[in-house]
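Structure assessment
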Amino acid sequence: MIRPNEGLTMRLGGHVKKKNFFGRCAAVMYVIEYQKRGLPHVHMLIWLHPADKATFSTNVDTFVSAEIPAENTDPYGHQAVKTFMMHGPCGADFPHSPCMDNYICTKQFPKKYCQGTMTAEVRLSKLEAFFSLNQSNQFARTLTYQEIPKHFVWNSNSTSWTPRVCSDHIGRIRTTHHSSGELWYLRLLLTKVRGPTSFRALRTINGIIYNTFQEACAQYGFLSSDNEWHQAIEENKEFAMPRQLRLLFVYIIVNCQVKDVLQLWLSHWRCLCEDVVYQQRRLTRNNDLQLSDNQMEFYGLAEIEKLLGAIGKSLNKFPTFTRTRVTTQRRDCGHVDEKFKSNIGSLQWYTFNSSKMHETYSAM
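Residues numbered from 1 in each chain as written. Predicted model: local features only at pLDDT ≥ 70, side-chain atom pairs only at ≥ 80, totals over all residues. Heavy atoms only, no water.

Turning our attention to the packing of helix α6 (residues 182-190) against helix α8 (residues 213-220). Look at α6 against α8: their axes get within 8 Å of each other, and the N-to-C directions meet at 40°. Classed by the angle they form, the pair α6 and α8 counts as oblique. With respect to the hand of their crossing, α6 and α8 are arranged in left-handed fashion. Taking contact as the criterion, the partners of Glu 182, Tyr 185, Leu 186, Leu 188 and Leu 189 in α6 are, on α8, Phe 213, Gln 214, Ala 216, Cys 217 and Tyr 220. Here the contact of α6 with α8 is composed, by residue class, of eight nonpolar, one polar and one charged. (Axes fitted to C-alpha atoms, helices over the stretch in contact; angles between N-to-C directions. Helix = DSSP H or I, 4+ residues; strand = E, 2+ residues; numbered from the N terminus. Parallel < 35°, antiparallel > 145°, perpendicular 65-115°, else oblique. Left-handed = near helix turned anticlockwise from the far one by under 90°. Contact = heavy atoms within 4.5 Å. Nonpolar A, V, L, I, M, F, W, Y, C, P; charged D, E, K, R; others polar.)

Encoded structure:
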């Protein structure tokens, strides 16, 4: 914990990541807080490469200091630490100190002198324990990571997976966004590869170690179709709102290499359009309004066009998709509102009116 200057903190984080002061750095995260007298300080969390963790624990005192600077060599530092960074005074002589309770310091001061930095025992995460389990358990090597909870139970005390005695459980891996890069591809591998013994093993195929999880996914053939995009929508539709799903759909078709945009829409348009009837009932002030499938899908396309327009894109970019889904519905989408009756097969028509429709929603 150090007194931060935003620029210096960013430089420190850059040095930690690029110059490997503490060892090979996997990631850095920090947050600036304001406590006590309003003085800012930063909490910085640094992830090291597994091979460098043991080395760091033996030489941590070369980087970390909890000593009071000598007054003769660093008078400013000495005064700052003495004034702002020391606990107390408290104890029997100061029973009314805020930290005192029944003549005992609630912060356990004074503490015993410690010659060096104490390092906590490294505890395995659930994923690391899964790798460890696969090294010794033949049955576990037949399972994917999300299948493990069905047959094993997590023991938080020993940080290990132990055989489940009774009752089946369904495993679920935390969802990730496609923009998270390697994390997304790691998750994809964990849902499909059985019995990996390490992160390295996940990237190893037929004896070849690939540099990234994305390369490994490509080599396995997981990226040769649109299955990952279908899977992304399927996994999110259980808890995401329709608008969130439409945002996800737009992100996928704009930023990812989707081979068949039309099929992606046809497979999932219902969950993307679940709120269309509600929106149209509000717009028309008719709580008994019913829409056909064609009408729901058409208005859903208008919502997609609106989202695309906000980022300078349009459904015109996907001509086959546009022709198929817009022009085939012109006969069934005109009776909801008089202003929607003309030129219903025109993309320019619904692009314009989708904007008007959103303006109406905002005004209500």
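Looking now at the side chain of Ser 97. Inspection of the secondary structure assignment puts Ser 97 in the loop between α3 (75-84) and β3 (100-101). Judged by relative accessible area, Ser 97 falls into the buried class, the value being 15%. Among all residues touching Ser 97, those that are not within four sequence positions of it are Pro 89 and Cys 90. (Buried < 20%, exposed > 50% of the residue type's maximum accessible area, 1.4 Å probe, protein only.)

The subject of this paragraph is the pattern of salt bridges. The final tally for this structure, using the stated rule, is five salt bridges. With a shortest N-O distance of 2.7 Å, Glu 147 and Arg 194 are connected by a salt bridge. Residue Glu 147 is located in the loop between α4 (126-136) and α5 (148-151), and its partner Arg 194 is located in the loop between α6 and α7 (199-202); the two are separated by 47 residues in the primary sequence. When the shortest N-O distance is used, the salt bridge between Glu 235 and Arg 187 registers 3.0 Å. Of this pair, Glu 235 sits in helix α9 (residues 227-236) while Arg 187 is found in helix α6, placing the two residues 48 residues apart along the sequence. (Salt bridge = Lys/Arg side-chain N within 4 Å of Asp/Glu carboxyl O.)

Another aspect to go through is the environment of Ser 198. Topologically, Ser 198 is positioned in the loop between α6 and α7. Taking the relative accessible area as the measure of exposure, Ser 198 reaches 24% and is therefore partly exposed. The spacing of Ser 198 and Phe 131 is 67 residues in sequence and 5.3 Å in space, taken between C-alpha atoms. Within the structure, Ser 198 has its side chain in polar contact with the backbone nitrogen of Arg 200 (distance 3.3 Å). (Polar contact = N/O pair within 3.5 Å; in protein donor to acceptor, adjacent residues only side chain to side chain.)

As a further point, take α4. Given 3.6 residues to a turn, an α-helix orients residues that are three or four positions apart in the same direction. Taken together, the buried positions of α4 are occupied by Leu 127, Ala 129, Phe 130, Phe 131, Leu 133 and Asn 134. Here the buried face of α4 lies against α5, β5 (152-155), β6 (160-163), α6 and α7.

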